[in-house]
Amino acid sequence: AYRMDVTYTGMAENTLTYSMYYNETLRADGDFDDDDDDRDDRFDDETEEEYGIEGVMVIEGAEYAVRGERSVEAERGEEESETELRVQLAEGRVMLVEQGYENEEGETEREYTYTVLEDGRAVERSVFSYEREEGEEELKMVYTAGGESRVLIFERERHDGREVLFIRATENGQTVRYI
């Protein structure tokens, strides 16, 4: 019933494009409210939904089975969603995909994590996060493979009426900074 397309280029300059075709199934009609308050939640303006996901991911023409879940939560000026997927790439090789989104009264956060496991051990991981709050923005990218990490951080802020971009890059323990 649904399709999602994602394309990104990692810090190792590798580009990954995938399309996912999937169905979502709303899980249980119960009360997903995890607070300990005993009041009747029927009068609360909070909504929470959890879905099971099943489908197929197409990467460079090859199809891979996908299973996972998605949760969506909203209340008074705040919304949040999380998606976790498990993609079976081959026998003993799995990609875990985690996507999170949060928006609360002008503050926005997004995070995407891609982890490749071989026989249960992480061999590659890419994390992309974005945050915007009160006119400041931060983009952070972390790529880890072969025991080495690369980190790239961009921060945009206003100082003395001017827009300033801070860049910090770390590779093999060496950090460089630019303003």
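Predicted model only: the values in this text are computed from it and were never measured.

The rules behind each value
- Residues numbered from 1 in each chain as written.
- Predicted model: local features only at pLDDT ≥ 70, side-chain atom pairs only at ≥ 80, totals over all residues.
- Heavy atoms only, no water.
- Pairing = 2+ DSSP bridges.
- Helix = DSSP H or I, 4+ residues; strand = E, 2+ residues; numbered from the N terminus.
- Axes fitted to C-alpha atoms, helices over the stretch in contact; angles between N-to-C directions.
- Salt bridge = Lys/Arg side-chain N within 4 Å of Asp/Glu carboxyl O.
- Buried < 20%, exposed > 50% of the residue type's maximum accessible area, 1.4 Å probe, protein only.
- Phe/Tyr/Trp six-rings, centres within 6.5 Å; stacked < 30°, edge-to-face > 60°.

Pairing in this open sheet of 12 strands is antiparallel, and the strands run β1-β2-β3-β4-β5-β6-β7-β8-β9-β10-β11-β12 from one edge to the other. In this open sheet, the two strands that pair with only one neighbour each are β1 (2-9) and β12 (174-178). For this sheet the average axis-to-axis angle between neighbouring strands, irrespective of direction, equals 15°. Looking at chain direction, strand β3 (residues 47-59) and strand β4 (residues 62-75) are connected through 13 bridges and run antiparallel.

For the rest of this paragraph, the subject is the pattern of salt bridges. Per the counting criterion, the structure on display carries 9 salt bridges. A salt bridge links E24 to R70; the nearest nitrogen and oxygen atoms lie 2.6 Å apart. Here E24, found in strand β2 (residues 15-26), pairs with R70, found in strand β4; they are 46 residues apart in sequence, far enough to count as distant. Owing to a relative accessible area of 18%, E24 belongs among the buried residues under this scheme. Owing to a relative accessible area of 22%, R70 belongs among the partly exposed residues under this scheme.

All chains considered together, the criterion is met by 3 aromatic pairs. Arranged with centres 5.5 Å apart and planes meeting at 25°, the rings of Y2 and Y22 form a pair that is stacked. Placement of Y2 in strand β1 and of Y22 in strand β2 is noted, with a sequence separation of 20 residues between them. Pairing Y114 with F128 gives two aromatic rings, centres 6.4 Å apart and planes at 70°, and the pair type is edge-to-face. Here Y114, found in strand β7 (residues 107-118), pairs with F128, found in strand β8 (residues 121-133); they are 14 residues apart in sequence, far enough to count as distant. An identical accessibility class is assigned to Y114 and F128; each is buried. Joined through ring pairs, the aromatic side chains of Y18, Y114 and F128 make up one cluster.

All we've got here are geometric facts, nothing functional implied.
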